[in-house]
Amino acid sequence: MHQARVWDHLLGGALNSAVDRHAASVLERELPGTTRLARANRRFLHRLVGVLRERGIGQFLELGSGLPTAGHLHQVVAPGEVVVYVDNDPATAAQGRALVLGSADTVAVEADLRAPATIFAHPAVRRVLDPSRPVAVLMLHVLHLVEDVPELLHRYRLAVAEGSALAVSHLSPDYLAPADRARLARFAAAQRCTPRSRAEFRSALLDWRLDGAGMSTPDTWPDPPTGQPSLAFCCVARADFASELIPASG
Ligand SMILES: C[S@@+](CC[C@H](N)C(=O)[O-])C[C@H]1O[C@@H](n2cnc3c(N)ncnc32)[C@H](O)[C@@H]1O
């Protein structure tokens, strides 16, 4: 069983076994709404590609990508747009490489997202991605597994060109009813992961500037939340000259 194959099943993919499917049903029982979140994140990703393309961004760096199946990035970008999938699980990365083999613009690499310098120096990444042009740095349902988020986001900000974007979907209690918040807290303690509030995440943005759409849910972004429960918030932030002068707030 691996998280990437469990997620593949939640997304309706076929690269999973009976063990993964069982783990997915246990996960949905322990944290109801997970399947819905996986699918909402995928739709958020699809809307993001369109919005970021309009801003002139045609390079997508997906960190903690999981398996590139079930309508993942390289299946929805336009010809000539660049996709880099990064996952630290060797089997997931190997399967990813096999799935995108022969593509001129898409690569899948095995790397830890906590090491941006290693990722940008990776020969396969250097072959397709031009860091002097805007890049979309995507972290969907993975930052709850990371400790020092402000430092990490700052290092990505330094690694990308002005005009780049950061898009995040993050496990959070903010859009849950009190009983569901308590369940999420128990889940997080058992799984040793860290859901975060919108306020906490906003203060981690440092030199990234929160996009005009602000914080929302993967179901509704770029529109505001509708009041429907969600296990995550999502947002987009920009790397631009102003973001170096104005700390993220509000
Ligand atoms: C929930 S899954 C896939 C999420 C995917 N972004 C999506 O929206 O469908 C999270 C993935 O992150 C990977 N992962 C976890 N920690 C990581 C790290 N430090 N560096 C890179 N990948 C990581 C796991 O191996 C797993 O495949």
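Before any of the text, the structure's been laid out above.
Right, let's walk through the structure included here. Note that the coordinates shown come from a computational prediction; the quantities given were computed from them, not determined experimentally.

1. Let's talk about the sheet that holds strand β1 (residues 59-63)
Right, on to step 1. Strand order in this open sheet of seven strands is β3-β2-β1-β4-β5-β7-β6, and the pairing throughout is mixed. At either margin of the open sheet sits one strand with a lone partner, and together these are β3 (106-110) and β6 (209-210).
Right, on to step 2. As paired elements, strand β2 (residues 82-87) and β3 share five bridges and run parallel to each other. Opposite Y85, over in β3, you have A108 as the bridge partner.

2. As for the pattern of salt bridges
Right, on to step 1. Per the counting criterion, the structure on display carries 13 salt bridges.
Right, on to step 2. Note that R133 and D130 form a salt bridge whose closest N and O atoms lie 3.5 Å from each other.
Right, on to step 3. The partly exposed category is assigned to R133, whose relative accessible area is 42%.
Right, on to step 4. With a closest N to O distance of 3.5 Å, D211 and R238 form a salt bridge. Here the residue D211 occupies a position in the loop between β6 and β7 (232-239), and R238 occupies one in strand β7, the gap between them amounting to 27 residues.
Right, on to step 5. A relative accessible area of 6% places D211 in the buried class.
Right, on to step 6. Residue classification places R238 among the partly exposed residues on the basis of a relative accessible area of 30%.
Right, on to step 7. One network of salt bridges, in which partners are shared, links R36, R43 and D219.

3. What to know about the packing of helix α1 (residues 3-10) against helix α3 (residues 34-54)
Right, on to step 1. Put simply, α1 and α3 touch, their axes get as near as 9 Å, and they point 85° apart. By the angle between their axes, α1 is roughly perpendicular relative to α3. Contacts between α1 and α3 involve W7, H9 and L10 from the first element and T34, T35, A38 and R39 from the second.
Right, on to step 2. Here the contact of α1 with α3 is composed, by residue class, of three nonpolar, three polar and one charged.

4. Looking at the nonpolar core
Right, on to step 1. Of all hydrophobic cores here, the largest spans 39 residues; its most connected members are L61, M139, Y156 and F201.
Right, on to step 2. Residues lining this core come from more than one domain, with at least three contributed by each of domain 1 (58-133) and domain 2 (137-250).
Right, on to step 3. With residues up to four places along the chain from it excluded, the contact list for M139 reads L63, L153, Y156, L166, A167, V168 and S169.
Right, on to step 4. Of all hydrophobic cores here, the second largest spans 21 residues; its members include F44, I57, C234 and V236.

5. What to know about the site of the ligand
Right, on to step 1. Looking at the ligand, there are 21 residues lining it, with E62, G64, D87, L113 and L140 nearest.
Right, on to step 2. Take L113: an N or O atom from its main chain is 2.9 Å from a nitrogen atom of the ligand.
Right, on to step 3. At a separation of 2.9 Å, a nitrogen atom of the ligand approaches a polar backbone atom of L140.
Right, on to step 4. Alone, the ligand offers 610 Å² of accessible surface; in the complex the protein occludes 95% of this.

6. Let's talk about the side chain of T69
Right, on to step 1. In this fold, T69 is placed in the loop between β1 and β2.
Right, on to step 2. Residues within four places of T69 in sequence aside, it is in contact with D8, L15, R42, Q75 and L99.

7. Side note on the state of the cysteines
Right, on to step 1. In total, this model carries zero disulfides according to the counting rule given.
Right, on to step 2. Of all cysteine sulfurs in the structure, the one in C235 sits closest to C193, which takes part in no disulfide; the separation is 18 Å.
Right, on to step 3. No disulfide involves C235; its nearest neighbouring cysteine sulfur is the one of C234, lying 7.0 Å away.
Right, on to step 4. Exposure remark for C235: the relative accessible area of 2% places this residue in the buried category.

8. Points about α3
Right, on to step 1. For α3, which comprises 21 residues, the first-to-last C-alpha distance of 30 Å matches the rise-based estimate of 30 Å (1.5 Å per residue) to within 8%.
Right, on to step 2. Every buried residue of α3 is listed here: T34, L37, A38, A40, N41, R42, F44, L45, L48, V49 and L52.
Right, on to step 3. Residues of α3 that are buried in the fold lie against α1, α2 (18-30), β1, β4 (136-140), β5 (164-171) and β7.
Right, on to step 4. One or two positions beyond α3, positive phi appears at G56, with a value near 90°.

The rules behind each value
Starting afresh in each chain, residues are numbered from 1 along the sequence in its written order. The model is predicted, so local features are restricted to residues of pLDDT at least 70 and side-chain atom pairs to those at 80 or more, both for listing and for counting; the totals for chains, interfaces and linings are taken over all residues. Side-chain measures were taken over the full set of non-hydrogen atoms in the model, leaving aside hydrogen atoms and water. Strands were regarded as paired on the criterion that DSSP finds at least two bridges between them. Put simply, DSSP marks the helices as runs of H or I at least four residues long and the strands as runs of E at least two long, and each gets a number from the N terminus on. By definition, a salt bridge exists where a carboxyl oxygen of Asp or Glu is found within 4 Å of a side-chain nitrogen of Lys or Arg. Think of it in three bands: with a 1.4 Å probe and only protein chains considered, a residue is buried below 20% of the maximum accessible area for its type, exposed above 50%, and partly exposed in between. Note on definitions: angles span 0 to 180 degrees between N-to-C directions of axes, and those axes are lines fitted to C-alpha atoms, for helices only across the stretch in contact. By definition in this entry, angles of less than 35 degrees are roughly parallel, angles greater than 145 are roughly antiparallel, angles of 65 to 115 are roughly perpendicular, and the rest are oblique. Throughout, a residue-residue contact means that at least one pair of heavy atoms, one from each residue, lies within 4.5 Å. Here the nonpolar group is Ala, Val, Leu, Ile, Met, Phe, Trp, Tyr, Cys and Pro; Asp, Glu, Lys and Arg are the charged ones; every other residue, Gly included, is treated as polar. For the purposes of this section, nonpolar cores are sets of buried Ala, Val, Leu, Ile, Met, Phe, Trp, Tyr and Cys residues that join through side-chain atoms within 4.5 Å. All domain edges in this entry derive from an automatic or database-based domain assignment. Any residue with a non-hydrogen atom lying within 4 Å of a molecule or strand is treated as near it. Pairing of N or O atoms within 3.5 Å defines a polar contact, subject to two protein rules: one partner must be a possible hydrogen donor and the other a possible acceptor, and residues neighboring in sequence count only if both atoms are side-chain atoms. Surface accessibility in these figures is a Shrake-Rupley result with a 1.4 Å probe; residues are shielded only by whichever protein chains are displayed. Disulfides are defined as cysteine sulfur pairs within 2.5 Å. To estimate the expected span of a helix, count its residues, drop one, and scale the result by 1.5 Å.

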